[in-house]
Amino acid sequence: MVSEMTSKERVFAMLNRKPVDRVPVITGSVMVKEYIEKSGSSWPDYHSNAEMMVNTVSLMHTDAGLDNIVMPFGMFIESMALGLEVKMGRIDIQPSVRSFFNKPEEVKYDNFLEDKYVQTTLDAIKLAKEKYPDAAVTAFLVAPITLAGDLMGAENLSMLSIKCLQKEKQMQKMKDWISIALEINKIYAEACVEAGADILYYSDASASPNLVMPEFYYQVAVPAEKEIGDFVHHLGCPWELHICGDTVPIIEGMASTGADCLSVEQAVNMEEATKIAGDVPVVGNVTPLLMVEGTEAQIIEETRKGLDGGAKASMLGCGTPPLSSSDKLKTWVKAAADWSADKL
Amino acid sequence: MDDLPEEVQELIEELDEAAEDEDEDAIKDLTQKLLATGVDVEAITLKKLALLVMDGEEEMTQGWTQVAIQIGTDPFKTLIEGLAAGMSLIGKKYEEGEAFVPQLLIASAAMYGGMDLLAPYMKQDENSGSKAATVVIGTVEGDVHDIGKSLVKTLLSANGFNCVDLGNDVPASRFIEAARENKATAVSMSTLMTTTMAEMPKVVKMLENEGIRDKLLVMVGGAPITAEYASQIGADVSPHDAASAASWLKGAVFDFPSESVRWS
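Every value quoted in this text rests on a predicted model; they were computed, and no experiment measured them.

Rules behind the numbers
All residue numbers here refer to positions counted from 1 along the written sequence of the relevant chain. Written order decides the labels, with chains lettered from A and ligands numbered from 1. Totals for whole chains, interfaces and linings use every residue, but because this is a predicted model, local features are given only for residues with pLDDT of at least 70 and side-chain atom pairs only at 80 or more, for both listing and counting. Computation of side-chain values: all heavy atoms of the structure, hydrogens and water removed. By definition, any uninterrupted DSSP run of H or I lasting at least four residues is a helix, any uninterrupted run of E lasting at least two residues is a strand, and each is numbered from the N terminus. Every radius of gyration here is taken over C-alpha atoms, with the globule rule written as 2.2 Å times N^0.38, N being the number of residues. We call two residues in contact whenever any of their non-hydrogen atoms come within 4.5 Å of each other. The Shrake-Rupley method, run with a 1.4 Å probe, gives the accessible areas here. Residue values count only the displayed protein chains as cover. Reported buried area values correspond to the accessible surface (1.4 Å probe) lost by two parts on association, with both partners' losses combined. In the sections that follow, a salt bridge refers to a side-chain nitrogen of Lys or Arg positioned within 4 Å of a carboxyl oxygen of Asp or Glu. Counting rule for disulfides: a pair of cysteine sulfur atoms within 2.5 Å. UniProt positions are given in the numbering used here, feature names are shortened, and annotations may be inferred rather than shown by experiment. Here a Phe, Tyr or Trp ring, Trp counted by its six-membered ring, pairs with any other such ring whose centre lies within 6.5 Å, and the pair is stacked when the planes are under 30 degrees apart, edge-to-face when over 60, and tilted otherwise. Burial classes: relative accessible area under 20% of the type maximum marks a residue as buried, over 50% as exposed, and values in between as partly exposed (1.4 Å probe, protein chains only).

Draft legend 1. Spatial organisation of the overall build of chain A. In terms of helices and strands, chain A carries 14 helices and 10 strands. Against the 2.2 N^0.38 benchmark of 20 Å for 344 residues, chain A shows a C-alpha radius of gyration of 19 Å, consistent with a compact globule. By principal-axis analysis of the C-alpha atoms, chain A measures approximately 55 × 45 × 35 Å. Considering only contacts in chain A between residues 6 or more positions apart, those separated by 24 or more positions represent 71%. For chain A, the accessible area works out to roughly 12800 Å², and carbon and sulfur atoms hold 49% of it.

Now the structure itself:
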């Protein structure tokens, strides 16, 4: 019997493949309308005001009972800081990147850390760390393939991902884009770790088999993810890797990146994924929409199914939908705790 | 192609090279030589186009589309039996898990490359009175992912539908306006993100409130969308992928009242 742990201890035990008092419940992106309103934050200020951000995201921990506190909201900070056009969305719609560069040489990142949105993330990490030392403070960052896709445009990424397997010249183009993405990743990672992040959560949404071929993932994406992952480990910080879609064909590659845990979504058969991943913890894969319109029975059933399949933490398939309700989030956390009481 | 005489196969290879180099004079010259051999050049060209589109060979597809134009193949036949047939081949492979999105994208670029060359000739067909069913298509508000939507559009176009592409991040009201303006046969919405799924029922509700829901079919799709969700929000279908969207709609419009009856 493992004695009661703090949220941070629980998450770290899971990442280090040690016993836990109950399975952790964690999340990736967090921008929940109910919590934005409850914390008195206002759109779009909460994206660039560290205090508002922490007041909102901390409710996922203090009210819903999740084990991590995640910032920033959405996958737009890197692109915004590089000068790409970003539509700021609404209280219930996350910001989205709207433009891209034509050539890698156009990307200027000397002043990356001075951007106000990057600063907000760093300030929010510091603040969350001070206020909630027992929670696992997690920075939500864009991983190299997805960032390269933001830089060149997702459709161009997809097209180039096949062309680069056919012609060396195209491969060089791809490498040029990824190398810039990695440099930016490293600058941001180092700053987040210095600010006190306990964990870096990398979403490589565009490395999904939904967008690029598994062959590309193994040849190009794995070395890039491994490079940023090794860099993060060198800074003394663990990291998680999330990829969207049915990632079963690439789980082996994901596990080979050295990520401390792999996050998968509801399209993935958890039992199959955990088998392929071996001793690398796999987390997931509760359908996010259940937090908006799922019944109590559905939430419990899916949570238990993922954990029965071998998930080492319960997590939503991808981000937390903005229209999630606190009641449903609490039902989910309770379902994971009840499963732990029964099965651990 | 392997059963063709050696002389013909050599000419085809030379044409491939000329097409890749975008050498129009060489294409013309080689086409004449090919015709002089007495083989069925039209059949060869259509087959070649289908294979080139399937492989995503944009330059070569354009070169062979020029061959089709030169030998006087009906442009609609070139589109359907050549370019679109190639898109269907790769679409089928995708459906069976043997191809991936990038392959669909490069095939789609090749098909559109050929279609651009055919466009000036296709206009003559429009003047002669043939008109395709119109589909209003877009990615819902809050989501900027275009790829899935564009693939559905490509396959619908390849199957003869006239697509009004509203792009991405489309507000609900824009779908309704476009459906009305174009007397649409169908509205097709996509989203990649769970966070924007709730926009879909909003569009269906607006179609109902405007009294035009029964005048058209509603398709919804994207990574998080299931058949159950489609039915729950009042859509007609959530095809598994772009290829099944096109084949479902082809079947559905067959039994659907004509535009003049629906929108009168």
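Having put the structure on the table, let's press on.
Draft legend 2. Summary view of the interface of chain A and chain B. Counting from both sides, the interface comprises 29 residues of chain A and, opposite them, 22 residues of chain B. When the two sides are added together, the surface that chain A and chain B hide from each other amounts to roughly 2100 Å², 65% of it contributed by carbon and sulfur. Inspection of the region where chain A meets chain B yields four salt bridges. The partner of B:Asp169 in a salt bridge is A:Arg98, with the nearest N and O atoms 2.8 Å apart.

Draft legend 3. Layout of the state of the cysteines. All told, the structure shown has zero disulfides over all chains when counted by the stated rule. The cysteine A:Cys237 is free of any disulfide, with A:Cys192 supplying the nearest cysteine sulfur at 8.9 Å.

Draft legend 4. Highlighting the UniProt feature "domain: B12-binding" (unreviewed entry) in chain B. Here the UniProt-annotated "domain: B12-binding" (unreviewed entry) positions come out as residues 132-259 of chain B. In the segment residues 132-259 of chain B, helix accounts for 42% and strand for 16%; the C-alpha atoms at its two ends are 10 Å apart.

Draft legend 5. Representation of the packing of aromatic side chains within the structure. Residue and element names in this part refer to chain A. Taken as a whole, this structure holds six aromatic pairs over all chains when the rule is applied. Their ring planes at 35 degrees and their centres at 5.6 Å tell us that Phe 140 and Tyr 201 sit as a pair that is tilted. Within this pair, whereas Phe 140 is found in strand β5 (residues 136-142), its partner Tyr 201 is found in strand β6 (residues 199-203), the two being separated by 61 residues in sequence. A residue is classified by how much of its surface remains accessible, and Phe 140, at 6% relative accessible area, is buried. On the basis of relative accessibility, which here comes to 2%, the residue Tyr 201 falls in the buried class.

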